[in-house]
Amino acid sequence: MSSNQLDKKSEAWSALFSEPMSELVQRYTASVFFDKRLAAADIQGSLAHADMLAAQGIISADDLAAIRRGMATISSEIESGAFEWKLALEDVHLNIEARLTQLVGDAGKRLHTGRSRNDQVATDIRLWLRGEIDLITGLLRELQSALVEVAEKNVDVILPGFTHLQVAQPVSFAHHLLAYVEMFARDEQRMGDVRRRVNQLPLGSAALAGTTYPLDRERVARTLGMVNDQGEACVCQNSLDAVSDRDFAIEFAAAASLVMVHISRLSEELILWMSQNFGFIKIADRFTTGSSIMPQKKNPDVPELARGKTGRVVGHLMGLITLMKGQPLAYNKDNQEDKEPLFDTVDTLRDTLRIFVEMIGGQPNPATGAKEGGITVNPQPMQAAAQKGYATATDLADYLVKKGLPFRDAHETVAHAVKAAESHACDLSELPLKVLQEFHPAIDKDVYDVLSLRGSLEARNTLGGTAPAQVKAQIARHRARLGN
Ligand code: ARG
């Protein structure tokens, strides 16, 4: 498309067309009002391309200087809000190119040599997404650190661990939080994996088949930081694939969905824990809302919304993966639909993680540097809840096994003991020794050590178990990994 036509899209696309695009179709096909978000990446990609064109003698040094000058002006216009985005120019790429040509003339028209919007847009999304992945990875690490910090203060706080949401066995609250640290650590690794496949250069594939100009694609890749851990340039190796697949975006959406699913599980727990029936924690008032009718209410809107937004992110994953299905090689306009779901996934994930970092860990007090305003832990109700559901029944069975009973028999014996405790409306540890001995004569007074919550915790001293010694070792490992 010539610069004249770029300026006047009210005219036909080119000499080949007998009429201009209808206004409705212009609006239907335009992406500029969302893809202008890629402007910085678009300019970065264009500058790397132009630098290589000049190095290869495809454009002159003067042209390169003019393109650089023009792009600097455009960058500041975009930053200040002075840049005039035009719907008639369809997308971010044509808007910037048209303005460049307006500013610097023919040099602007030469920028598109050996390039197509197809490899250009694929490059832009990858550059942009790479930056977002880095921010998200940082936030995932901050969230892990916040959880580790709260864990460190609560190693000896005991709450009931649940299976089927029925009291199962006592666990350390720190151990419970560290389960989420493991999830977010895997999420961080997944983001790193995705980043490696995002960070590959499509540019140089042109429309679909490569180009007749002697491009140096590796130079462009290096300029854009698209290199692997060994410092080798990462260049997409098949032009048809490079311009058409969006699997990197789908992978990112899948990784993002898993982060949100983990956030959603944590949210569900926070919501339960702060309900009156649990009373295990409080979250700071600035993360809660009141009710317009019930004056006593403090609602956990933030975790609820995060749980709800998980559906939205998983929906984007479905949207993106379905978008790809059935597309023949190579580029199809369908792919323009990759942007809004991807942008919204990033925004939702980034905001959610930011809020969770602060909601869990609090904010540093500017005077002291100490973090304040994170979740408040109430050990007493946690402990009382752990005391309620016969959480140490397995410990009694294990005790009998150590006295020589086969586990299955011990299991049955303890079931009788629990039934008796239930009928006395007391805990196993409150049954007198005489009563316990009716269930099995091997029971002695040392049984009360294993029936205590603390005894139960300390006994689970295998790697990955909830014994305080194990939990402390995990905290140390995470601290070393997270560098704090
Ligand atoms: N705005 C388009 C996109 O997002 C750019 C590529 C258009 N290429 C084309 N041949 N129509 O995918």
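About the criteria used
- Residues numbered from 1 in each chain as written.
- Predicted model: local features only at pLDDT ≥ 70, side-chain atom pairs only at ≥ 80, totals over all residues.
- Heavy atoms only, no water.
- Core = buried A, V, L, I, M, F, W, Y, C linked by side-chain atoms within 4.5 Å.
- Buried < 20%, exposed > 50% of the residue type's maximum accessible area, 1.4 Å probe, protein only.
- Helix = DSSP H or I, 4+ residues; strand = E, 2+ residues; numbered from the N terminus.
- Contact = heavy atoms within 4.5 Å.
- Axes fitted to C-alpha atoms, helices over the stretch in contact; angles between N-to-C directions.
- Parallel < 35°, antiparallel > 145°, perpendicular 65-115°, else oblique.
- Left-handed = near helix turned anticlockwise from the far one by under 90°.
- Nonpolar A, V, L, I, M, F, W, Y, C, P; charged D, E, K, R; others polar.
- Near = heavy atom within 4 Å.
- Polar contact = N/O pair within 3.5 Å; in protein donor to acceptor, adjacent residues only side chain to side chain.
- Areas by Shrake-Rupley, 256 points an atom, 1.4 Å probe, with all protein chains shown as cover.
- Salt bridge = Lys/Arg side-chain N within 4 Å of Asp/Glu carboxyl O.
- Pairing = 2+ DSSP bridges.
- Lys, Arg positive; Asp, Glu negative; His and termini not counted.
- Phe/Tyr/Trp six-rings, centres within 6.5 Å; stacked < 30°, edge-to-face > 60°.
- Patch = residues over 30% accessible without salt bridge, like charges linked within 9 Å, V, L, I, M, F, W, Y side chains within 5 Å.

(A) Seen up close, the nonpolar core. Of all hydrophobic cores here, the largest spans 105 residues; its most connected members are Phe-173, Met-191, Phe-252 and Ile-281. Broken down by element, the residue count for this core peaks at 15 residues, all from helix H8 (residues 117-152). Non-local contacts of Ile-281, meaning those with residues more than four positions away in its chain, are made with Phe-173, Leu-270, Trp-273, Met-274, Ile-375, Thr-376, Val-377, Asn-378 and Met-382. Within the second largest apolar cluster, 19 residues are counted, among which are Leu-396, Ala-417, Ala-421 and Leu-431.

(B) Geometry of the packing of helix H4 (residues 39-55) against H8. Following both chains from N to C, one finds H4 and H8 inclined at 120°, their axes separated by 8 Å at the closest point. The orientation of H4 relative to H8 falls into the category oblique. Every pair of crossing elements has a handedness; the one defined by H4 and H8 is right-handed. Contacts between H4 and H8 involve Ala-41, Asp-42, Gln-44, Gly-45 and Ser-46 from the first element and Gln-120, Asp-124, Leu-127, Trp-128 and Arg-130 from the second. For the contact of H4 with H8, a count of residues per class yields three nonpolar, four polar and three charged.

(C) Structural context of the site of the ligand. Around the ligand, the structure places Ser-31, Asp-35, Asp-91, His-93, Arg-117, Asn-118, Val-121, Tyr-331, Gln-336 and Lys-339. One nitrogen or oxygen atom from the side chain of Asp-91 is found 2.9 Å from a nitrogen atom belonging to the ligand. Contact with the protein chains hides 85% of the accessible area of the ligand, taken as 340 Å² for the molecule alone. With three residues, the single largest contributor to the shell around the ligand is H8. Taken together, the residues that form the shell around the ligand break down as two nonpolar, four polar and four charged.

(D) Structural context of the pattern of salt bridges. The tally for this structure, following the rule as stated, stands at 29 salt bridges. Glu-132 serves as the salt-bridge partner of Arg-350, at 2.9 Å between the closest nitrogen and oxygen. Of this pair, Arg-350 sits in helix H14 (residues 339-361) while Glu-132 is found in helix H8, placing the two residues 218 residues apart along the sequence. By relative accessible area, Arg-350 is classed as buried at 15%. Notably, a salt bridge pairs Asp-446 with Lys-403, separated by 3.7 Å at the nearest N-O pair. Taken as a pair, Asp-446 in the loop between helix H18 (433-439) and helix H19 (447-451) and Lys-403 in the loop between helix H16 (393-402) and helix H17 (407-423) lie far apart in primary sequence, 43 residues in all. Here Lys-403 falls in the partly exposed class, since its relative accessible area comes to 37%. Salt bridges sharing partners connect three or more residues here, namely Glu-90, Asp-91, Arg-117 and Lys-333.

(E) The side chain of His-316, seen in detail. Turning to its location among the elements, His-316 is positioned in helix H13 (residues 301-324). Those residues in contact with His-316, other than ones at most four positions away along the chain, are Pro-341, Asp-344 and Thr-345.

(F) Representation of the pairing of strand S2 (residues 166-172) within the structure. Bridge count between strand S1 (residues 158-163) and S2: six bridges; the pairing is antiparallel. Looking at S2, one finds that Thr-163 is bridged to Gln-166.

(G) View of the side chain of Glu-269. Counting through the fold element by element, Glu-269 comes out in helix H12 (residues 247-273). We note that Glu-269 is buried and unpaired, the nearest opposite charge coming from Arg-265 at a distance of 6.2 Å.

(H) Spotlight on the packing of aromatic side chains. For the structure on display, the rule yields five aromatic pairs. Relative to Trp-85, the ring of Phe-83 has its centre 4.5 Å away and its plane inclined at 55°; by these criteria the two rings are tilted. Here Phe-83 falls in the buried class, since its relative accessible area comes to 8%. Take Trp-85: its relative accessible area is 17%, and that puts it in the buried class. Ring centres of Phe-162 and Phe-278 lie 6.3 Å apart, and the angle between their planes is 65°; on these two criteria the pair is classed as edge-to-face.

(I) Geometry of the environment of Val-220. Relative to the elements of secondary structure, Val-220 occurs in helix H10 (residues 217-223). If near-sequence neighbours (up to four positions away) are discounted, Val-220 is found in contact with Ala-48, Met-52, Leu-201 and Leu-203.

(J) Structural view of the environment of Leu-272. Along the polypeptide, Leu-272 turns up in helix H12. With 28 residues separating them in the primary sequence, Leu-272 and Pro-300 have C-alpha atoms 9.6 Å apart. Not counting chain neighbours up to four residues away, the residues in contact with Leu-272 comprise Leu-165 and Phe-278.

(K) Geometry of a nonpolar patch on the surface. A cluster of nonpolar side chains, Leu-208, Leu-240 and Leu-329, forms an exposed patch at the surface whose accessible area comes to about 270 Å². Examined against the element boundaries, Leu-240 turns out to sit in helix H11 (residues 239-244).

(L) Geometry of the environment of Trp-13. Along the chain, the position of Trp-13 falls in the loop between helix H1 (3-7) and helix H2 (23-29). Taking the relative accessible area as the measure of exposure, Trp-13 reaches 29% and is therefore partly exposed. Distance in space between the C-alpha atoms of Trp-13 and Ser-172 is 68 Å, their sequence separation being 159 residues.

(M) Local environment of unusual backbone geometry. Each neighbour pair has its own omega, and for Leu-329 with Ala-330 the value is 0°, a cis peptide bond. Mapped onto the elements of the fold, Ala-330 is located in the loop between H13 and H14. Non-glycine residue Glu-90 carries a positive phi angle of around 65°. Assignment of secondary structure puts Glu-90 in the loop between helix H5 (61-80) and helix H6 (92-104). Since its relative accessible area comes to 5%, Glu-90 is described here as buried. Its identity as a non-glycine residue notwithstanding, Leu-165 has a phi of 60°, on the positive side. Looking at the element boundaries, Leu-165 is found in the loop between S1 and S2. Owing to a relative accessible area of 52%, Leu-165 belongs among the exposed residues under this scheme.

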